[in-house]
Each structure stands twice: as C-alpha cells, then as structure tokens.
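Understanding the architecture of this molecule
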Amino acid sequence: IIHRAMMLLDLNKAGDEKTVRKQLRSFVQKGMMDDQQAELVQPEALLRFAQSELGRRAAAADAANMLMREQPFNLLVPAADMIEGAADEQLLVQGVVDMAFREVSGWVIVDYKTNRLPAGGVAEIAAMYASQMKIYSRALREISGLPVGEVYIYLLNEGMVVDMMEYIIDNQ
C-alpha cells in the first residue's frame, strides 16, 4: 500500500502534511486506492521523504520528466552470477524498481522499505538488500545503456537514507 501511495504522490505538491492528506483523499476519490488502504498510509512518512534531499531531487527529476516509479523489468543474467557454482545457463530475473531518476551522474535508484532500523544498523540493512540493489542497478544500466550513479534504500518509517553504492560497487 505504501508503494502505491509513493507511486501516486505528487512530490512537487507535498509541501506539508495537509497537502499530503489531501492527495491521499484524492487517490480515494479517483478510485486509485480505497478508504482502508489510505488509512493505512502514514502521511508523515510520505512527507518526510518528499522533504528529504532525495525527495527534492526526485521532485526536480519529475518536473523534468526524468522520474520512473514502480518500473518493472526483465533481465537475463548468467546463473553463476546468482547462484554460486551454477551451470553455464541464463536466468530470467524479474523485478520492479520503486523509483529511479536521471541526473548528470546517471541513474539514481531509490528502493523504499518499511523496516525499522535493525540492531545491526545500516550494515545489517545493507547486507539484507545488497543483492537486490545489485540486480536493480544492473537491470537499469543494461536496459537503458546509461550508468547508475547512486543507489539508496530509503527507510520510510525511520526517514533514513542508506547509501548502497559501497555494497554494490563490484557490480558497476
């Protein structure tokens, strides 16, 4: 549900909690989500993202028509890249990138998570999602032919950005 709200949210019109709540009501009125779904969304989490540096960059990219949300992809990868000791075969990997936008340095990938920061901190989050972010980075790079400059996990409940580049750099 939070992914749907983030996909629909107009970042350029999310200036305060009141406007975010207004957008959520509008999604219900337009049939984009139902009342129960909208009630589960925490407007303050959406607002935190919209007001963050990353959110402002995404809003600028959106204004320039350089923002993608909930972008599905299919990618053929060598099985050995995914499974240690695998045969010389190809695997079809399917996924959905939560958000990606283009800047001068290349693609900026943002994946939203509703997790709380675990006891192991950022390192634990990075370990949990490094493989996923490697795949997203590779997919965007191979499909678009453009470099990926930045990759982030955004913890919605924490309002925290986790820079994933050092964890996926071997795949760039």
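Everything that follows concerns the structure shown earlier in this document.
What comes next is a walk through the structure. Quick caveat, the model's predicted, so the values are computed rather than measured. (Residues numbered from 1 in each chain as written. Predicted model: local features only at pLDDT ≥ 70, side-chain atom pairs only at ≥ 80, totals over all residues. Heavy atoms only, no water.)

As for the nonpolar core
Formed by 29 residues in total, the largest nonpolar core has its most connected members in Leu 11, Leu 46, Phe 49, Met 99, Phe 101 and Val 110. Breaking this core down by element, the ones donating at least two residues are helix H1 (2-8), helix H2 (17-29), helix H4 (43-51), helix H5 (53-63), strand S2 (90-103), strand S3 (106-113) and strand S4 (148-155). Setting aside chain neighbours within four positions, we find Leu 11 in contact with Phe 49, Ala 50, Gly 55, Ala 58, Ala 59, Leu 67, Arg 69 and Met 99. Listed in part, the 25 residues of the second largest apolar core include Leu 75, Ala 100, Ile 125 and Met 164. (Core = buried A, V, L, I, M, F, W, Y, C linked by side-chain atoms within 4.5 Å. Buried < 20%, exposed > 50% of the residue type's maximum accessible area, 1.4 Å probe, protein only. Helix = DSSP H or I, 4+ residues; strand = E, 2+ residues; numbered from the N terminus. Contact = heavy atoms within 4.5 Å.)

Notes on H2
If you check H2, its first and last C-alpha atoms are 18 Å apart, about what 13 residues at 1.5 Å a residue would give, namely 18 Å. Turning to H2, its buried residues number three or more, namely Val 20, Gln 23, Leu 24, Ser 26 and Phe 27. Buried residues of H2 fall within an arc of 160° about the axis and therefore sit on the same side. Of the residues in H2, the exposed ones pointing more than 90 degrees away from the buried face are Lys 18, Lys 22 and Gln 29. Tucked inside the fold, the buried residues of H2 contact H1, helix H3 (35-40) and H4. With a side-chain oxygen positioned 3.1 Å from the backbone nitrogen of Lys 18, the residue opening H2 is Asp 16. (Expected span 1.5 Å × (residues − 1). Arc of directions from axis to C-beta. Polar contact = N/O pair within 3.5 Å; in protein donor to acceptor, adjacent residues only side chain to side chain.)

Brief notes about the pattern of salt bridges
Inspection of every chain in the model, using the stated rule, returns 7 salt bridges. Notably, a salt bridge pairs Glu 103 with Arg 57, separated by 2.5 Å at the nearest N-O pair. Of the two residues, Glu 103 is situated in strand S2 and Arg 57 in helix H5; the sequence distance between them amounts to 46 residues. Judged by relative accessible area, which is 28%, Glu 103 ranks as partly exposed. (Salt bridge = Lys/Arg side-chain N within 4 Å of Asp/Glu carboxyl O.)

Description of the layout of surface pockets
In this structure, the second largest pocket spans a volume of roughly 150 Å³. Arg 21, Leu 24, Arg 25, Val 28, Asp 35, Ala 38, Glu 39, Val 41 and Pro 43 are the residues that line the second largest pocket. With 4 residues, the single largest contributor to the lining of the second largest pocket is H2. Of the residues assigned to the lining of the second largest pocket, the class counts are 5 nonpolar, no polar and 4 charged. (1 Å grid on protein atoms, 1.4 Å probe; cavity = no way out; pocket = protein on both sides within 12 Å on 5 of 7 lines; lining within 4 Å. Points joined across faces, edges and corners; volume = space filled by probe spheres on them. Nonpolar A, V, L, I, M, F, W, Y, C, P; charged D, E, K, R; others polar.)

A short note on the sheet that holds S4
Judged by pairing direction, the sheet is mixed, and its 5 strands sit side by side in the order S1-S2-S3-S4-S5 without closing on themselves. If you trace the sheet from one side to the other, it starts and ends with strand S1 (67-78) and strand S5 (160-163), each paired once. With direction set aside, neighbouring strand axes in the sheet form an average angle of 40°. Taken together, the 4 bridges between S4 and S5 define a ladder with antiparallel strand orientation. The residue bridging Leu 155 from the neighbouring strand is Met 160, located in S5. Together, S1, S2, S3, S4 and S5 form the strand contacts of helix H7 (residues 121-144), whose direction differs from that of S1 by roughly 85°. (Pairing = 2+ DSSP bridges. Axes fitted to C-alpha atoms, helices over the stretch in contact; angles between N-to-C directions.)

Some points on the packing of aromatic side chains
Considering all chains together, one arrives at 3 aromatic pairs under this definition. Between the aromatic rings of Phe 49 and Tyr 112, the centroid separation amounts to 6.0 Å while the plane-to-plane angle is 80°, which identifies the pairing as edge-to-face. Note that Phe 49 is positioned in helix H4 and Tyr 112 in strand S3, a separation of 63 residues in sequence. On the basis of an interplanar angle of 75° and a centroid distance of 4.9 Å, the ring pair of Phe 49 and Tyr 154 is categorised as edge-to-face. Here Phe 49 is found in helix H4, whereas its partner Tyr 154 is found in strand S4, with 105 residues between them in sequence. Across from the ring centre of Trp 107, 5.8 Å away, lies the NZ or CZ of Arg 102, which sits over that ring. (Phe/Tyr/Trp six-rings, centres within 6.5 Å; stacked < 30°, edge-to-face > 60°. Lys NZ or Arg CZ within 6 Å of the ring centre and 35° of its normal.)

Quick notes on the side chain of Arg 57
Given a relative accessible area of 17%, Arg 57 falls into the buried group. Arg 57 has contacts with Phe 101, Glu 103, Val 108, Glu 150 and Tyr 152, leaving out every residue within four places of it along the chain.

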